Amino acid sequence: MSTTIPGFTYNRVPVADGVSLNAAVSGSGSPIVLLHGFPQTHLMWRHVAADLAVDHTVICPDLRGYGASDKPAETDGSGYAKRTMAADVVALARALGHDRFALAGHDRGALVAFRAGLDHPGTITHLACLDVLPTLDMWDVMHGVTAAVGFHLYLMAQPPGLPEQLIAAAPDAFFGHFLDLWTNDPSAIPAGIRTAYLDACRAAVPSIVADYRASAGIDVTHDRTDRDAGNRLRMPVAVLQQDWGAALGFDAAALWSAWAPDLRHATVTCGHFMAEEDPAAVAKTLRELVATR
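Quick summary incoming for the structure in this document. These numbers were taken from a predicted model, which means no experiment stands behind them.

## Quick notes on the pattern of salt bridges
Tallied over the full model, the rule gives 19 salt bridges. In this structure, R46 and E276 form a salt bridge, with 2.6 Å as the shortest nitrogen-oxygen distance. Of this pair, R46 sits in helix α1 (residues 46–52) while E276 sits in helix α13 (residues 274–277), and the two are 230 residues apart along the sequence. In terms of burial, R46 and E276 fall into one category: buried. Sharing partners across several salt bridges, the network here consists of R83, R115, D119, D223 and D226.

So, in structure tokens, the structure goes:
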């Protein structure tokens, strides 16, 4: 199975000092950038990207620290801040000729997209976030025994050393656990794609942990500063989520509404990897979002 998206051209684009992103690009028309989640690469968008490329310019990068993009060592705690990763995405789009673009992210990519929307409101025209809560809200709803579902968040929040050692000792078991647990339809991630994901993650343990560690540190600081200042997302926002609230006891739409006054929120019946399990529904949501003015 190909580890590229058929019909897409691949570029390595410098976005910061010593950091280039691997990006797949195809189509023409108004630009949409698609950001992948964990434990995946840009390949998670293969179906949605091909659909959208019929009438949009579609850009699918591997995030800093993931896939075939560069994986700089973390030095000061900010290298994998969502603010830094969002700046990468803006620089990538600009290098490809797009000063304004729609942005959609899944999981970790959705947190990068969320930060891009707050930091670059004049650049992000439309924003879609798939199956996450904003970082502050995520930590707030994780309490008691229900927090066990997010054990990996707490593991990778620990100081450098032990998390990397534990995960590197059995990377396929660790990353494969989430591919199995979070998928309602296993056929949505065929063997070749699963292998590509595991190969990519196995080669990126320190940077993946650094990404998660940032969400227990500097990302919290940045988000709290924005919340305290009353900063909100100014563009039309769409959110697709599983019905986590029913299990964990929160109102997801209300939490998102506090950040996004112009919100379209919907729950889905597929699993976490919705762009692979129900790509037609995801593409439809994105088309309807970018059609709004």
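That shown, we press on.
## With respect to the packing of aromatic side chains
For the structure on display, the rule yields 13 aromatic pairs. Geometrically, the ring pair formed by F114 and W259 is edge-to-face, given 5.0 Å between the ring centres and 85° between the ring planes. Of this pair, F114 sits in helix α3 (residues 108–119) while W259 sits in the loop between α12 (252–257) and β8 (263–267), and the two are 145 residues apart along the sequence. Assigned by exposure class, F114 and W259 land together as buried. Relative to F273, the ring of W182 lies with its centre 6.2 Å away and its plane at 45°, an arrangement referred to as tilted. Of this pair, W182 sits in the loop between α7 (171–181) and α8 (191–202) while F273 sits in the loop between β8 and α13, and the two are 91 residues apart along the sequence.

## As for the sheet that holds strand β3 (residues 31–35)
Spatially, β1-β2-β4-β3-β5-β6-β7-β8 is the arrangement adopted by the 8 strands of the open sheet, whose pairing is mixed. With partners counted over all chains shown, the strands left at the sheet margins are β1 (9–16) and β8, one partner each. Between one strand and the next, the sheet's axes are offset by a mean angle of 20°, whatever the strand orientation. Relative to strand β2 (residues 19–26), β1 runs antiparallel, the two sharing 7 bridges. When the sheet's bridge partners are listed, A16 is paired in β2 with V19. Contacts between helix α2 (residues 82–95) and the sheet are confined to β1, β2, β3, β4 (57–61) and β5 (101–106), with β1 contributing the most and set at about 125° to the helix.

## Here's the deal with the side chain of R108
By secondary structure assignment, the location of R108 is in helix α3. R108 sits in the buried class, given a relative accessible area of 3%. Separated by 2.9 Å, the side chains of R108 and S215 make a polar contact. For R108, the contacting residues outside a window of four places in its chain are H36, G37, F38, Y66, K82, D211, Y212 and S215.

## Some thoughts on the environment of R224
Secondary-structure assignment places R224 in helix α10 (residues 218–229). By relative accessible area, which is 41% here, R224 ends up partly exposed. Measuring from C-alpha to C-alpha, the distance between R224 and A281 comes to 33 Å, with 57 residues separating the pair along the chain.

## Quick look at the environment of F175
Looking at the secondary structure, you find F175 in helix α7. Considering only alpha carbons, one finds F175 and Y197, 22 residues apart in sequence, at a separation of 8.5 Å. Every residue in contact with F175, bar those within four places of it in the chain, is listed here: F38, P39, I167, L198, C201, R202, V205 and I208.

## Topic: the environment of V145
Topologically, V145 is positioned in the loop between α4 (135–141) and α5 (151–155). Once the C-alpha coordinates of V145 and L248 are considered, the two residues, 103 residues apart in sequence, prove to be 10.0 Å apart.

## Quick word on the pairing of β3
Taken across its 5 residues, β3 has 5 buried, putting it largely inside the fold. Here β3 shows two buried faces, one formed by P31, V33 and L35 and the other by I32 and L34. Traced from β3 through α1 to β4, the parallel crossover comes out right-handed.

## Some thoughts on the packing of helix α6 (residues 162–169) against helix α9 (residues 205–214)
Axis separation between α6 and α9 bottoms out at 10 Å; the angle between their running directions is 135°. Regarding the angle of α6 to α9, the classification is oblique. Seen along the crossing, α6 lies across α9 with a hand that is right-handed. Contact with α6, carried on its side by P163, E164, I167 and A168, involves V205, P206, V209 and R213 of α9 and no other residues of that element. For the contact of α6 with α9, a count of residues per class yields 6 nonpolar, no polar and 2 charged.

The rules behind each value
Residues numbered from 1 in each chain as written. Predicted model: local features only at pLDDT ≥ 70, side-chain atom pairs only at ≥ 80, totals over all residues. Heavy atoms only, no water. Salt bridge = Lys/Arg side-chain N within 4 Å of Asp/Glu carboxyl O. Helix = DSSP H or I, 4+ residues; strand = E, 2+ residues; numbered from the N terminus. Buried < 20%, exposed > 50% of the residue type's maximum accessible area, 1.4 Å probe, protein only. Phe/Tyr/Trp six-rings, centres within 6.5 Å; stacked < 30°, edge-to-face > 60°. Pairing = 2+ DSSP bridges. Axes fitted to C-alpha atoms, helices over the stretch in contact; angles between N-to-C directions. Contact = heavy atoms within 4.5 Å. Polar contact = N/O pair within 3.5 Å; in protein donor to acceptor, adjacent residues only side chain to side chain. Right-handed = clockwise from strand over helix to strand, strands pointing away. Parallel < 35°, antiparallel > 145°, perpendicular 65-115°, else oblique. Left-handed = near helix turned anticlockwise from the far one by under 90°. Nonpolar A, V, L, I, M, F, W, Y, C, P; charged D, E, K, R; others polar.

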